[in-house]
Amino acid sequence: MAADPIHQFQIHKLFTIGHIGGQEIAFTNSSAYMFATVALIGILMLASGRQLVPGRFQSIAELSYEFVANTIRSTAGKEGMKFFPLVFSIFMFICVSNLVGIIPYNFTIASHIIVTAALAFLVFLTVIIYGFAKNGLKFFKLFVPSGIPVFVLPLVVFIEVFSFFLRPISHSVRLFANMLAGHIALKVFASFIPLLAGIGIAGYFGAALPLFMVVALTALELLVAFLQAYVFAILTCIYLNDAMHPGH
């Protein structure tokens, strides 16, 4: 019987924290991996030190810092560095959790839309709140591109407003769908290995193909794990730049 590729995404209750309004508040495996991800990031940052000759941890921490800082400067300018803590936290959380999820029998946090949606709405609300706080009603310039003929302006404004409210959906679904699809593909190909190997001598040779696919997909997933964190971070920078400079 082939392994269930969806079983790896199931959320299991570890213990009950309490009840609010008759609803159980439970600590789940997803919660545990979130805490583990934050702990790993904390260990990386705290263990890096400030040596003149950087060690492994310090090199990783410094490369992560510079990578995110350069991403912000290139998309939102120097003014965007005020959002560095937010962007850096989001990037590291997604990247580390994705990499942890690739390890066999581990749980992938971003494979659940509620997690990616929470991160996307955090960015979305930050853009709206900061946009109005900094620009006031001028924030609405974001929806009125300059140089548009008057007779098509209502249609363009409608499209701009509609696309703006679609941002958190596309922002969250992109990360969720990539992580979900990649792990399902890995599980499906991995399940063929013991099935073919159980046939006999000929099965061992046949199992070589899915084994090769698993190795190749794992390498690809390592790249995707980083790329999806980068894409989420750079889109966050672009959206924050709109809040700082709403005029087109």
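Refer to the structure above for everything that follows.
Nothing here was measured: the structure is a model prediction, and the numbers come from that model.

Caption draft 1: Highlighting the overall build of the chain. Within the chain, the secondary structure is distributed over seven helices and two strands. Each helix and strand of the chain, placed in order from N terminus to C terminus, yields the pattern β-β-α-α-α-α-α-α-α. On the principal axes, the C-alpha backbone points of the chain span a range of 75 × 55 × 45 Å. Within the chain, residue pairs in contact and separated by at least 24 positions form 68% of the contacts whose partners lie at least 6 positions apart. Carbon and sulfur atoms provide 74% of the accessible area of the chain, an area that totals close to 14,200 Å².

Caption draft 2: Structural context of the nonpolar core. Core analysis: the biggest nonpolar cluster contains 45 residues, and V87, V127, F164 and F232 have the highest contact counts within it. Taken together, the elements giving at least two residues each to this core come down to helix 1 (29-47), helix 2 (56-76), helix 3 (84-102), helix 4 (113-135), helix 5 (153-197) and helix 7 (208-244). Per-element tally for this core: the top contributor is helix 3, with eleven residues. Each residue touching F164, except ones within four places of it in the same chain, is listed here: F124, V127, I128, F139, L142 and F143.

Caption draft 3: Seen up close, the side chain of H183. Mapped onto the fold, H183 is located in helix 5. Judged by relative accessible area, H183 falls into the buried class, the value being 4%. In terms of polar contacts, H183 uses its side chain to reach the side chain of T108, at 2.9 Å. Residues within four places of H183 in sequence aside, it is in contact with Q8, F9, G101, I102, T108 and E221.

Caption draft 4: Fine view of unusual backbone geometry. A positive phi angle, near 70°, is found at Y105, a position not held by glycine. Within the secondary structure layout, Y105 lies in the loop between helix 3 and helix 4. On the basis of relative accessibility, which here comes to 84%, the residue Y105 falls in the exposed class.

Caption draft 5: Structural context of the pairing of strand 1 (residues 13-20). Alignment of strand 1 against strand 2 (residues 23-28), held across six bridges, turns out to be antiparallel. The residue of strand 2 that forms the bridge with G18 is I25.

Caption draft 6: Geometry of the pattern of salt bridges. Using the criterion set out here, one finds four salt bridges in the structure. Between K82 and E79 there is a salt bridge; the shortest N-O distance is 3.9 Å. According to the relative accessible area criterion, K82 is partly exposed, its value standing at 47%. Residue classification places E79 among the partly exposed residues on the basis of a relative accessible area of 28%. Close ionic contact of E79 with K134 constitutes a salt bridge, the shortest N to O distance being 3.8 Å.

Caption draft 7: A look at helix 4. For helix 4, which comprises 23 residues, the first-to-last C-alpha distance of 32 Å matches the rise-based estimate of 33 Å (1.5 Å per residue) to within 8%. Of the residues one or two after helix 4, G136 is the one with positive phi, at around 65°.

Caption draft 8: Geometry of the packing of helix 1 against helix 3. It is at 9 Å that the axes of helix 1 and helix 3 come closest, and there the two elements cross at 115°. By the angle between their directions, the pair helix 1 and helix 3 is classed as roughly perpendicular. Remark: the crossing between helix 1 and helix 3 carries right-handed chirality. Along the contact surface, helix 1 presents Y33, M34, T37, V38, L40, I41, L44 and M45, while helix 3 presents F88, M92, F93, V96, S97 and V100.

Conventions and cut-offs
- Residues numbered from 1 in each chain as written.
- Predicted model: local features only at pLDDT ≥ 70, side-chain atom pairs only at ≥ 80, totals over all residues.
- Heavy atoms only, no water.
- Helix = DSSP H or I, 4+ residues; strand = E, 2+ residues; numbered from the N terminus.
- Contact = heavy atoms within 4.5 Å.
- Areas by Shrake-Rupley, 256 points an atom, 1.4 Å probe, with all protein chains shown as cover.
- Core = buried A, V, L, I, M, F, W, Y, C linked by side-chain atoms within 4.5 Å.
- Buried < 20%, exposed > 50% of the residue type's maximum accessible area, 1.4 Å probe, protein only.
- Polar contact = N/O pair within 3.5 Å; in protein donor to acceptor, adjacent residues only side chain to side chain.
- Pairing = 2+ DSSP bridges.
- Salt bridge = Lys/Arg side-chain N within 4 Å of Asp/Glu carboxyl O.
- Expected span 1.5 Å × (residues − 1).
- Axes fitted to C-alpha atoms, helices over the stretch in contact; angles between N-to-C directions.
- Parallel < 35°, antiparallel > 145°, perpendicular 65-115°, else oblique.
- Left-handed = near helix turned anticlockwise from the far one by under 90°.

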